Structure formats: C-alpha cells, structure tokens
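# Working through the structure, step by step
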Amino acid sequence: MNNFEKLKTALIATGIPTYHNRAFEQTDRYIVWSQVAKLYEHGDNKATHTGWRIAIDFFTTTEYDEVSEIIEKKLESAGISIVDCARDYEEETGYTHYAYTAEDWVDG
Amino acid sequence: MAEIGTSGLANLIKELEDLGADIDEISDEMLEAGGEAMKKAWTEEIKAKGHVDTGDMLKSVKAKVNKSKKTAEIYPQGKDKKGVRNALKAFVLHYGTSNIAGDRFVDEVESKGSDAAVDAMYEIYSDELGKRGF
C-alpha cells in the first residue's frame, strides 16, 4: 500500500505548511495535495505498474515566488514526475495558485 | 483541451490513398468518429465527477472540426446563461482554487477518450481496408 511517504517528505522539506485534502489554515503560503486517480499500465492482461495521479496545489501571496521552483526540485529529487503545471491568479483572494499534477508510480 | 488529429495517421491515410480510396472523405469520417468518442468521454466524466448543476457545461461539449488541418478540438464551448465561459468552468473544476479542490478530471477525459477515439478511427480505417480485400 502506498502511504505516499516520499511525497509527504518532499513537500514537508520545502518548509511550507502542507496539508492533505484540505488546508486547515490558509496562510500566506501553503500546499495542499490529494490523490485524484489511480493509474495502471498493463501487459499480458495484467497490471504491470500502478501509481497515483496526484494534485499538488501551492498557494502564495508572494509575486514571483521562488518556492514554486523549490517544490519542483524536491519532487524531482523524490522521483515524482510532474506532468502538468498551471498558474492562475485569484483576484478575490490575492493568491497565486500553482496547480501541479504529478504521477507517483510503484512496481506491480 | 482535448485535441485529436489525423496527422499521426498520415502513413495509414497514404496507404489507403494508394489503394484508391477517397482519403478526404475517409479522414473526415475518422475525425468525426474520433471526435464523437472524445465528446462521449467528456460528458461521461463530467457526470461521473458530479460536475453538473444547470447542465450548461455538459451540453456545451462539442467537437470543433478543422477539416483543412485535419484536427478536431473537443471541449466545453461557448458561455452559459449567466455569460460565464463553459471552458473556464471546466478549468476551475479541473485545477481548483483556494476555495475549491481541483480533481484533474480532464486528465481522465483525455486518457479514456484518446483510447476510444483511436479505436473509433481505426474501425473506419479497418473497414475501408476490408472493402478493398485486405
């Protein structure tokens, strides 16, 4: 069973408050992550690799926040692939939202 | 958003052309079939994820076909009754905001839809080969 330890370790290593599924406190900077879909690769009619598609959302009130690059480097070091990154600015809240989509694969 | 095209099938189309097939008609049929398969993936995933309120976004999913470029773009189009772009609603539901958790549902659309689209397009190609004794 995947307890997402390497993902959690990577995100906590950024030093930014990190939450699973829901942020209990929305500070100037925070990260929320959640599993959004199970992934499968098949061979010979059976799953050869499984993994998870993970949403990692970084919210910051700092313009041009370098923490986004730190997050990417920590994930890369942990062997977690970022497959998409979108950036959006929320007028109402003042947050810049970096929306990462990552894949965390395990064997079998 | 999801886009399919026939450029990746150029060799297959060339083979059909060499066999005397009307490739423009066949590639248009393949594009339409693939577009319908992708549209079905969009609507099924929108419903599966519960992203239906008024139904405006669900009903707005259409294939925008460019026959000269042999491509089709399939995504929620136009605006709803309140003037909000349906593609924007899909963007927000996919990526989320500080108040809404994003579920990355469009990735599922593209994953399931692209497989179905290729199957649908291949069926037409295969039928055309069959008509010519292959």
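Refer to the preceding data block for the structure.
What comes next concerns the included structure.

Cut-offs used in this document
- In every chain, residue numbers begin from 1 and rise along the written sequence.
- Chain letters and ligand numbers both follow the written order, the letters beginning at A and the numbers at 1.
- Side-chain atom pairs in this predicted model are given and counted only at pLDDT of 80 or more, local residue features only at pLDDT of at least 70, and totals for whole chains, interfaces and linings cover all residues.
- Calculation of side-chain values draws on the structure's entire complement of heavy atoms; hydrogens and water are dropped beforehand.
- Each helix is a run of H or I in the DSSP string that is no shorter than four residues. Each strand is a run of E no shorter than two, and both are numbered from the N terminus.
- Given a helix with a known number of residues, its expected span is that number minus one, times 1.5 Å.
- For every residue, the accessible area (1.4 Å probe, protein chains only) is compared with the maximum for its type, and the residue is labelled buried under 20%, exposed over 50%, or partly exposed between those bounds.
- Within this analysis, the arc is defined by the directions that extend from the helix axis to the C-beta atoms.
- Under this scheme, a helix contributes an axis fitted over its contacting stretch, all axes are lines through C-alpha atoms, and angles between N-to-C directions fall in the 0 to 180 degree range.
- Any angle from 65 to 115 degrees is called roughly perpendicular, while one under 35 is roughly parallel, one over 145 is roughly antiparallel, and all others are oblique.
- Two helices cross in a left-handed way if the nearer one is turned anticlockwise from the farther one by less than a right angle. They cross in a right-handed way if the turn is clockwise.
- Contacts: residue pairs with any heavy atoms within 4.5 Å of one another.
- Residues were grouped as follows: Ala, Val, Leu, Ile, Met, Phe, Trp, Tyr, Cys and Pro as nonpolar; Asp, Glu, Lys and Arg as charged; and all remaining residues, including Gly, as polar.
- By definition, two strands form a pair when at least two bridges between them are found by DSSP.

### Section: helix α5 (residues 105-131) of chain B
- Taking 1.5 Å as the rise per residue, α5 of chain B with 27 residues should run 39 Å; its terminal C-alpha atoms sit 39 Å apart, in good agreement.
- Positive phi appears at G133 of chain B, one or two residues downstream of α5 of chain B, with a value of about 80°.

### Description of helix α2 (residues 67-77) of chain A
Residues and elements named next belong to chain A.
- All of the buried residues in α2 are V67, S68, I71 and L75. The arc enclosing the buried residues of α2, seen along the axis, measures out at 110°, which places them on a common side. Residues of α2 that are exposed and point more than 90 degrees away from the buried face comprise K73, E76 and S77.
- Positive backbone phi, approximately 75°, marks G79, located one or two places after α2.

### Some thoughts on the packing of helix α1 (residues 5-12) of chain A against α2 of chain A
All names here are of chain A.
- In the contact formed by α1 and α2, the axes pass within 9 Å of each other and the chain directions differ by 150°. By the angle between their directions, the pair α1 and α2 is classed as roughly antiparallel. When the axes of α1 and α2 are compared, the crossing they make is right-handed. Every residue of α2 that contacts α1 at L7, A10 and L11 is listed here: I71, K74 and L75.

### Regarding the packing of helix α4 (residues 86-95) of chain B against α5 of chain B
All names here are of chain B.
- One way to put it is that α4 packs onto α5 with a least axis distance of 7 Å and a crossing angle of 100°. The angle between α4 and α5 places the two elements in the roughly perpendicular class. The segment α4 lies against α5, with A90, L93 and H94 engaging F105, V106 and D107.
- Split into classes, the residues belonging to the contact of α4 with α5 amount to four nonpolar, one polar and one charged.

### Quick word on the pairing of strand β3 (residues 46-60) of chain A
All names here are of chain A.
- Summarising the sheet, strand β2 (residues 29-43) and β3 pair through 14 bridges and their orientation is antiparallel. Its bridge partner being in β3, V32 is matched across the sheet by D57.
- Counting the residues that bridge the hairpin from β2 to β3 gives two residues, and of these D44 lies at a positive phi of roughly 55°.

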